[in-house]
Amino acid sequence: MEAVVRSRYASSHRITATPVGRVLEQYNLTWIEEPLDAYDAEGHAARAATLDTPIATGEMLTSVGEHTTLIKAGSSDFVQPDAPRVGGITPFLQIAALATVTSFIACSLRAVL
């Protein structure tokens, strides 16, 4: 069985996010979702580099530009654009294409495809 943890800022302080992530790693999760504020690209990048469990984030972002910042920072292993929030299917597909060429995995928050 695959499982994910949707922390949604539960450990939103950079100081606690890594220790909490380490505790969660024993469960062999598919990913830890948004361990920090969605706009903390640098903090997410540090967690992604430190933890063995993949990081997923992006559902709260509202544009291609915001996702580009997230992706360029190496902020997660899974990028989760929300098609209605980013402006529709065209921006969603632009984000998915950027994620693909930069070795990220794009997963839709909603069933839009």
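Refer to the structure printed above.
In this report, the structure presented in the accompanying data block is examined. Predicted, not measured: the structure shown is a model, and the values here were computed from it.

**Comments concerning helix α5 (residues 89-101)**
- When the terminal C-alpha atoms of α5 are compared, their 18 Å separation across 13 residues agrees well with the 18 Å that a helix rising 1.5 Å per residue should span.
- Among the residues making up α5, those that are buried are P91, F92, I95, A96 and A99. Down the axis of α5, the buried set is contained in an arc of 140°. They therefore lie on one face. In α5, the exposed positions that point more than 90 degrees away from the buried face belong to T90, T100 and V101.
- Contact partners of the buried residues in α5: α3 (64-72), β4 (78-79), α4 (83-86) and β5 (105-106).
- Following α5 by one or two positions, S103 has its phi on the positive side, about 70°.

**Let's talk about unusual backbone geometry**
- Phi is positive for N28, close to 50°, though the residue is something other than glycine.
- Overall, the relative accessible area of 67% leaves N28 in the exposed class.

**What about the packing of helix α1 (residues 14-24) against helix α2 (residues 41-50)?**
- Contact geometry for α1 and α2: axes closest at 10 Å, N-to-C directions at 30°. Between α1 and α2, the angle falls in the class roughly parallel. Helix-helix and strand crossings are classified by hand; for α1 and α2 the assignment is right-handed. Residues R14, A17, T18 and R22 of α1 pack against E42, G43, R47 and T50 of α2.
- In terms of residue class, the contact of α1 with α2 is built from one nonpolar, three polar and four charged.

**Observations regarding the side chain of T57**
- Examined against the element boundaries, T57 turns out to sit in strand β3 (residues 55-57).
- In terms of polar contacts, T57 uses its side chain to reach the side chain of E34, at 3.3 Å.
- With residues up to four places along the chain from it excluded, the contact list for T57 reads E34, A38, H44, L70, S75, S76, F78, V79 and Q80.

Criteria and thresholds
- Residues numbered from 1 in each chain as written.
- Predicted model: local features only at pLDDT ≥ 70, side-chain atom pairs only at ≥ 80, totals over all residues.
- Heavy atoms only, no water.
- Helix = DSSP H or I, 4+ residues; strand = E, 2+ residues; numbered from the N terminus.
- Expected span 1.5 Å × (residues − 1).
- Buried < 20%, exposed > 50% of the residue type's maximum accessible area, 1.4 Å probe, protein only.
- Arc of directions from axis to C-beta.
- Contact = heavy atoms within 4.5 Å.
- Axes fitted to C-alpha atoms, helices over the stretch in contact; angles between N-to-C directions.
- Parallel < 35°, antiparallel > 145°, perpendicular 65-115°, else oblique.
- Left-handed = near helix turned anticlockwise from the far one by under 90°.
- Nonpolar A, V, L, I, M, F, W, Y, C, P; charged D, E, K, R; others polar.
- Polar contact = N/O pair within 3.5 Å; in protein donor to acceptor, adjacent residues only side chain to side chain.

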